[in-house]
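Each chain, letter by letter, is given below.
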Amino acid sequence: MKKLVSAPALFIGAGAFLIVGLLLGFWWAPVDSSSMGFSQKIFYYHAPIAETSLVAFGIAFVAAILYLRTQDLKWDRLGYVSVRLGLLFAVLVMLTGMIWGKASWGTWWAWEPRLTTFLLVCFLYAAYWVLRSVVDEEQRRATYAAVFAIIAFVDVPITFFATRFLPEGLHPAVITSGGTGMEGSMFASFMISMVGMTLLLVALIRRDLEIEDLKDRVTDLKTSLGG
Amino acid sequence: MTVAEGAKYVAAAYAVILAALLIYYFMSARRVAVLQRDVELLEDEAKRRQAPAGEAE
Amino acid sequence: MNGGSWAQFKAILRKDLIRELRTRDMLVSMILFVLLAMVIFHYAFTVRSDTDLTYFTGGMLWVTFIFAMLLGLNRSFAQEKDEHCLDGLLLCPVDRVTIFFAKTAGNLVFLLIIQAVAVPVFALFFIERGFLGDLLPFLAVLLLADLGICALGTLLATISMNTRSRDLLLPILFLPLIVPVLIAATGATTLVFAEGAGFGSLVARLLFLLGFDAVFLVAAWGTYDFAIGE
């Protein structure tokens, strides 16, 4: 089917960046000098995934505003596709963050700013889905979802700042980029993986949108045949 | 923590990422296959229904 | 804001306040709920005879207020929906945003009334030292946090009331969003009650709450038209 032939190019591009970033991160960048040591290498994908999930929610935010202005359901569609992917990435952030935490601190969980923020982000956007599931009428569902997507996204940076007020627990070190600063090679590997992850997000969004279009086509055909 | 131990955690993290992405991709690939087949079947059916009408004229 | 909007704001606010003060259902229930919550907290958290809950006061207070607010919002919006008050209101040429501000103000008044009763009783039950000297910083925290709670609560209740699961949905939408307020407010409250902190150490949190309120009031102002719908 012609439409989906274009998508592989994006996936291949994304994959290329991701693989290069990974290889550079492991073989070129030095092993971290802090107590984390080798486990710091998780960072090369963990941080890009975190940024990408926030990008996805940002896309949903813009799509929500556009929907409210135009009432065109295609923006609603972009919105929920982005939120779904953003949620997937956010869960991955949590899982990799927990693994990294186990390696660094010895426990699977810590109430530290980044993990807590992403936990809340997961709850926030899970609420988005619950909201969608309890409204039956299409335009109203899109409207409510858009309002919530806007509010939720605005709440994300606020939540991050709020977690700074929490008292330092047993795990003082926030997962930073491996210390006071990143070496050039670490930074380069990280940036390449970032580009790759963002391309991957775009490719997945595009693919999901095309699947939705396919679903529409099936429904249209069924209606014209059966109706 | 030795490099060997650290490597196990790193491998676990990347494995989780890879698994999640692959599962997502393949689930959507299955969806695509099913939908494409549906589209083909429905389009064939539509053509079939038009043909007899055309012949009757 | 022109004269017409202000008059409308006052009218809607008056209507809500008079209606509730006449029957007092919601107020009495919420006050009872809050007092009961304190008793429950005592039984839930006192494990030893010497348990000192002073450092938990902030948390207990704000958790209670937030859950009381959820109850109150559900109640008042459900009532409005069942009696079709909102439909009548929408038929008038009222600016939708004015409705939002009026409702938020109304909810704020109720919350303040409840807090006026709850806080002294709370201090009586849980706080080991006198605290009258620290009242001013605490009131500042109270007001700013209340504003955020009421603004967000009003906006979200308007949405959730029009869905299938009505009151069940509101906590799910509201709680993740209100966490920043919870963090700042409980931290500040505990500092005031447990350590007698003054304005100085609370500045960061107060500014944060102020920022939160500003951001969400603007967001609600922009989106309330859509939330209140058709």
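As a reminder, the structure under discussion sits directly above these lines.
Here the structure is a predicted model, which means the values were calculated and not measured. Along every chain, residues carry numbers that run from 1 in the direction the sequence is written. The naming scheme follows written order: chains are lettered A onward, ligands numbered 1 onward. With pLDDT at 70 or above as the cut-off, local features in this predicted model cover only qualifying residues; side-chain atom pairs require 80 or more to be listed or tallied, and sums for whole chains, interfaces and linings still use all residues.

**Student:** Explain the overall build of chain C residue by residue, including any values.
**Tutor:** Going along the chain from the N terminus, every DSSP run of H or I of four or more residues is numbered as a helix, and every run of E of two or more is numbered as a strand. Broken down by element type, chain C carries 8 helices and 0 strands. Its helices and strands in sequence order give chain C the pattern α-α-α-α-α-α-α-α, from N to C terminus. Relative to the 2.2 N^0.38 estimate, which gives 17 Å for 230 residues, the radius of gyration of chain C is 18 Å and therefore close to what a compact globule would have. When its C-alpha atoms are laid out on the principal axes, chain C stretches across 60 × 35 × 30 Å. Expressed as a percentage of the 230 residues in chain C, the buried residues total 44%. This entry defines residue contacts through backbone-placed C-beta atoms, with two residues in contact when those atoms are within 7 Å. Considering only intrachain contacts with a sequence separation of at least 6, the fraction spanning at least 24 residues in chain C is 87%. Using C-alpha atoms as the atom set, the radius of gyration is obtained and then compared with a globule rule of 2.2 Å times the number of residues to the power 0.38. With C-beta atoms placed from the backbone, a residue is labelled by how many other C-beta atoms lie within 10 Å of its own: buried for 20 or more, exposed for 12 or fewer, partly exposed between the two.

**Student:** Outline the environment of Val28 of chain C, listing residues and values.
**Tutor:** Structurally, Val28 of chain C can be placed in helix α2 (residues 25-45). As for Val28 of chain C and Ile114 of chain C, which are separated by 86 residues in sequence, their C-alpha atoms are 8.8 Å apart.

**Student:** A description of α2 of chain C should follow, citing residues and the corresponding values.
**Tutor:** Residue and element names in this part refer to chain C. Expected helix span is taken as 1.5 Å per residue step, with the number of steps being one fewer than the number of residues. The first and last C-alpha atoms of α2 sit 30 Å apart over 21 residues, in line with the 30 Å expected at 1.5 Å per residue. For α2, the complete set of buried residues consists of Met30, Ile31, Val34, Ala37 and Phe41. Each buried residue of α2 sits inside an arc of 115 degrees when the element is viewed along its axis, so together they form one side. Across α2 from its buried face, at more than 90 degrees, point the exposed residues Val28, Leu32, Leu36, Val39, Ile40 and Tyr43. Along its buried surface, α2 packs onto α3 (57-82) and α5 (96-126). What the arc describes is the spread of directions from the helix axis to the C-beta atoms.

**Student:** Can you explain the interface of chain A and chain B? Please cite residues and give values.
**Tutor:** Each partner contributes residues to the interface: chain A has 26 residues there, and chain B has 24 residues. Elements with a minimum of two residues in the side of chain A that touches chain B: α3 (43-70), α4 (73-105) and α7 (184-226) of chain A. For the side of chain A that touches chain B, the leading source of residues is α7 of chain A, giving 9 residues. Throughout this entry, Asp, Glu, Lys and Arg are counted as charged residues, while Ala, Val, Leu, Ile, Met, Phe, Trp, Tyr, Cys and Pro are counted as nonpolar. The remaining residues, Gly among them, count as polar. Here the residues of the side of chain A that touches chain B sort into 16 nonpolar, 4 polar and 6 charged.

**Student:** Kindly report on the interface of chain C and chain A, identifying the contributing residues and their values.
**Tutor:** At the interface, 23 residues of chain C touch 25 residues of chain A. For the side of chain C that touches chain A, the secondary structure elements donating two or more residues are α7 (166-195) and α8 (199-228) of chain C. Looking at the side of chain C that touches chain A element by element, the count peaks at 10 residues for α7 of chain C. Grouping the constituent residues of the side of chain C that touches chain A by class yields 16 nonpolar, 5 polar and 2 charged.

**Student:** Residue-level account of α3 of chain C, with values.
**Tutor:** With 26 residues, α3 of chain C extends 37 Å between its outermost C-alpha atoms, agreeing within 8% with the 38 Å of an ideal straight helix rising 1.5 Å per residue. Immediately downstream of α3 of chain C, the backbone of His84 of chain C shows phi near 60 degrees, a positive value.

**Student:** Before we move on, could you go through the nonpolar core and cite the residues and values that matter?
**Tutor:** Buried Ala, Val, Leu, Ile, Met, Phe, Trp, Tyr and Cys residues form a nonpolar core when they are connected through C-beta atoms within 7 Å. In this structure, Ala60, Phe148 and Ala149 of chain A are the most contacted members of the largest nonpolar core, which totals 142 residues. No other element matches α3 of chain A, which puts 17 residues into this core.

**Student:** So what about the packing of helix α5 (residues 113-133) of chain A against helix α6 (residues 138-162) of chain A? Which residues, and what values?
**Tutor:** Residue and element names in this part refer to chain A. α6 packs onto α5 with a crossing angle of 170 degrees between their chain directions and a minimal axis gap of 10 Å. Here α5 is positioned roughly antiparallel relative to α6, judged by the angle of their axes. In this structure, α5 contributes Pro113, Thr117, Leu120, Val121, Leu124, Tyr125, Tyr128, Leu131 and Arg132 to the contact, and α6 contributes Arg141, Tyr144, Ala145, Phe148, Ala149, Ala152, Asp155, Val156, Thr159 and Phe160. Of the residues in the contact of α5 with α6, the class split is 14 nonpolar, 2 polar and 3 charged. The convention used is that axes are lines fitted to C-alpha atoms, helices contributing only their stretch in contact, and that angles between N-to-C directions extend from 0 to 180 degrees. In what follows, roughly perpendicular refers to angles from 65 to 115 degrees, roughly parallel to angles under 35, roughly antiparallel to angles over 145, and oblique to any angle outside these ranges.

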